[in-house]
Structures are given as C-alpha cells and as structure tokens.
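What the coordinates show
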Amino acid sequence: MEVEKMRKYVILALGVAVCLTGAALMAFGEGLLGENHTGIATVIGIVGIGFIGCAGALIAGSSKRNSEEETS
C-alpha cells in the first residue's frame with residue numbers, strides 16, 4: 001500500500017521536473033538545441049503537464065477510495 005502511494009508522488013515529482021526542464025530549454029536552449037528550440041521545449045513542457053495531471057487524478061482517486069472505505 002505504501003509503495004503505491006509513493007509511486008503517485010514520484011509521478012508528480014517527475015512531471016514537475018519535466019516541466020521545469022521544458023521551461024529551462026525554452027529560456028536557455030538556443031545554445032544547446034540551436035535556433036529553433038522552442039518547439040521541442042513546448043512538447044517537453046506539455047508532457048510534464050500530462051504527468052502532473054495523471055498524478056493528480058491518481059492521488060484524488062485514491063483519497064476518495066480511502067474515504068469511502070473509512071465510512072463503510
């Protein structure tokens with residue numbers, strides 16, 4: 001049970017890290033990726049937002065399930 005709970009927060013932390021990576025590439029990626037760096041930085045940011053949304057749904061679903069189990 002604890003491992004499952006930790007996995008949800010790991011997905012959330014991964015999403016935040018991916019979003020921050022996309023933001024850093026957007027700001028400072030020209031030297032690393034070349035002149036047209038904004039496209040890949042945008043895609044990386046969107047993938048990070050997807051991870052955050054997925055983790056949020058998992059956390060909300062598990063908390064709802066736990067509260068229903070406690071009332072039963």
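As a starting point, this report considers the structure included with it. (Residues numbered from 1 in each chain as written. Predicted model: local features only at pLDDT ≥ 70, side-chain atom pairs only at ≥ 80, totals over all residues. Heavy atoms only, no water.)

Notes on the overall build of the chain
Of the regular secondary structure elements, the chain holds three helices and zero strands. Ordered by position from N to C terminus, the α and β elements of the chain give α-α-α. The buried share of the chain, reckoned over its 72 residues, is 19%. (Helix = DSSP H or I, 4+ residues; strand = E, 2+ residues; numbered from the N terminus. Buried < 20%, exposed > 50% of the residue type's maximum accessible area, 1.4 Å probe, protein only.)

Some remarks on the environment of Ala-17
Here Ala-17 shows up in helix α1 (residues 2–28). We classify Ala-17 as partly exposed; its relative accessible area is 38%. Remark: the alpha-carbon pair of Ala-17 and Gly-45, spanning 28 residues in sequence, is separated by 9.6 Å.

Concerning the side chain of Lys-8
Take Lys-8: it is sitting in helix α1. Classification of Lys-8 by relative accessible area gives buried; the value is 11%. Residues in contact with Lys-8, not counting those within four places in the same chain, are Ala-55, Leu-58, Ile-59 and Ser-62. (Contact = heavy atoms within 4.5 Å.)

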